[in-house]
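Fold and contact review
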Amino acid sequence: MVKGEDGHVYQARLKGKFKIKEITSTNPIAVGDEVVFEMEDEAENRTIITELTPRRNYVNRISPANRRQHHIIASNLDQSLLIATIKDPRTSVGFIDRFLVTCEAFHIPAIVVFNKSDLHEEYETALYEDRKAMYEKVGYKVLLTSVEEKEGLEELKEVLYGKTTLISGHSGVGKSSLINAILEGANIRTMEVSDWSGKGMHTTTFAEMHDMPEGGKIIDTPGMREFAIADISKDELSHYFPEMKLRLNDCQFNNCMHINEPGCAIKQAVVDGEIHEERYVSYCTILDSIEDKKW
Ligand SMILES: Nc1nc2c(ncn2[C@@H]2O[C@H](COP(=O)(O)OP(=O)(O)OP(=O)(O)O)[C@@H](O)[C@H]2O)c(=O)[nH]1
Ligand SMILES: [Mg+2]
Ligand SMILES: [Zn+2]
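Report on the accompanying structure. The shown structure was predicted, so the numbers you read here are calculated from the model rather than taken from an experiment. Along each chain, residues carry numbers from 1 onward, in the same order as the chain's sequence is written. Here the convention is simple: chains get letters from A, ligands get numbers from 1, in the order in which they are written. For this predicted model, a pLDDT threshold of at least 70 governs which residues receive local features, and a threshold of 80 or more governs which side-chain atom pairs are given and counted, while totals over whole chains, interfaces and linings are taken from all residues. Calculated side-chain values reflect all of the structure's heavy atoms, with hydrogen atoms and water omitted.

Water is absent from the atoms considered, so a metal site may look incomplete; donors are defined as N, O and S atoms within 2.8 Å of the metal, or 3.2 Å for Na, K and Ca. The coordination sphere of the zinc ion (ligand 3) contains the protein donors Cys 251 (SG), Cys 256 (SG), His 258 (ND1) and Cys 264 (SG), at a distance range of 2.1 to 2.4 Å. Considering all four donor atoms around the zinc ion (ligand 3), the spread of angles at the metal, 103 to 117 degrees, places the coordination shape in the tetrahedral class. Summarised as a motif, the one-chain spacing of the donors to the zinc ion (ligand 3) is C-x4-C-x1-H-x5-C. Both residues of the pair, Cys 251 and Cys 256, belong to the buried class. Note on geometry labels: four donors, all angles 85 to 135 degrees, give tetrahedral; four donors become square planar and six octahedral when opposite donors are over 155 degrees apart and every other angle is between 65 and 115; remaining cases are irregular. Burial classes: relative accessible area under 20% of the type maximum marks a residue as buried, over 50% as exposed, and values in between as partly exposed (1.4 Å probe, protein chains only).

Attention now goes to the pattern of salt bridges. In the sections that follow, a salt bridge refers to a side-chain nitrogen of Lys or Arg positioned within 4 Å of a carboxyl oxygen of Asp or Glu. Going through the model one piece at a time under the given rule, you end up with 14 salt bridges. Between Glu 44 and Arg 46 there is a salt bridge, and its shortest N-O distance comes to 3.4 Å. Overall, the relative accessible area of 32% leaves Arg 46 in the partly exposed class. For Arg 56, the salt bridge is made with Asp 78, and the minimal N-O distance between the two is 3.5 Å. With Arg 56 in the loop between strand E4 (46–52) and strand E5 (58–62) and Asp 78 in the loop between strand E6 (70–75) and strand E7 (79–85), this residue pair connects regions lying 22 residues apart in the sequence. In this structure Asp 78 comes out as partly exposed when scored by relative accessible area, which is 28%. If you follow the salt bridges from partner to partner, you end up with Arg 13, Glu 40, Asp 41, Glu 44 and Arg 46 in one network. Here a strand is any run of E in DSSP of at least two residues, a helix any run of H or I of at least four, and the numbering for each starts at the N terminus.

So, on to the site of ligand 1. We define proximity as follows: a residue is near a molecule or strand when any one of its heavy atoms falls within 4 Å of that partner. Surveying the vicinity of ligand 1 reveals 25 residues, the closest of which are Asp 118, Val 147, Ser 171, Ser 177 and Thr 204. At a separation of 3.0 Å, an oxygen atom of ligand 1 approaches a polar backbone atom of Ser 176. Here the accessible surface of atoms and residues is derived via Shrake-Rupley with a 1.4 Å probe, and residues count as covered only by protein chains that are part of the display. Burial of ligand 1 by the protein amounts to 92% of the accessible area it has alone, namely 660 Å². Counting residues per element, the shell around ligand 1 draws most heavily on helix H5 (residues 175–182), at three residues. Looking at the shell around ligand 1 residue by residue, the class counts come to seven nonpolar, 13 polar and five charged. Under the rule applied, a polar contact is a pair of N or O atoms within 3.5 Å (in protein, one hydrogen donor and one hydrogen acceptor; residues adjacent in sequence only if both atoms are side-chain atoms). Following the grouping adopted for this structure description, the nonpolar residues are Ala, Val, Leu, Ile, Met, Phe, Trp, Tyr, Cys and Pro, the charged ones are Asp, Glu, Lys and Arg, and the polar ones are all others, Gly among them.

Below you can see the structure in the form of structure tokens.
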């Protein structure tokens, strides 16, 4: 679907050449792309996309279907919001960090939103406070919301106002519910409460951009089970952890990978409690997962 400058929504298909041109991506056109299109069949509201305007930026990941290709999640973004939950489902720090690293690499400001605060009891509240402190310390904005109890929605609205925002996260964290709560009358399909099994079901099946009446665009996406980082090499990874980036010059070796080199300022900062251990574990896990193509 494309939206014209006239505000109308049209059915669109790609001109043949698009399908072969960009073979490294599973989707030649992503939500957020700006395109040129021509009317193909006015009566049936069908158009043809003839040109893709160069992307200002985008977020991608390794395609879950084909590890040799990447999948463009969305393009031309001002910011991205990761919707996480402490409970039902649980979002791991590893998942959050892989998403944040990707946003850093593409220079897209990221915000972490913890939804379903109404489910928090003592244990979850403590865990949330810990996560919040951990991410705020490295410079990320953290919000707490509940669609159920209408908590934090005004603050969320303020963050979204006037910007193009990607909303991502696991399936079932409440991405579509949050967007519905913010856009009166949006009526996006969400999971029936009775259907909630905690696993394997996706209610949103394709990415869709919604206009905010006050200005701004929100992109709802299908839940991701995994987030595998694409296009980042081992030696640049630490640059995408803000708390590591600012200490890189303090390592004894300028090619330090911060694993077992002597005089490593990063490991020292972990020992001193200045870098959160869980963030360092994420770094090591991601480093391990990157296949270096250089040799
Ligand atoms: N308790 C509670 N439940 C919520 C909250 N927000 C959403 N839910 C419920 O969580 C379930 C999943 O919500 P969705 O909005 O469909 O989740 P989604 O992230 O869009 O999921 P996908 O489209 O599959 O990626 C639904 O049953 C919602 O009613 C919340 O703040 N508190
Ligand atoms: Mg959804
Ligand atoms: Zn080091």
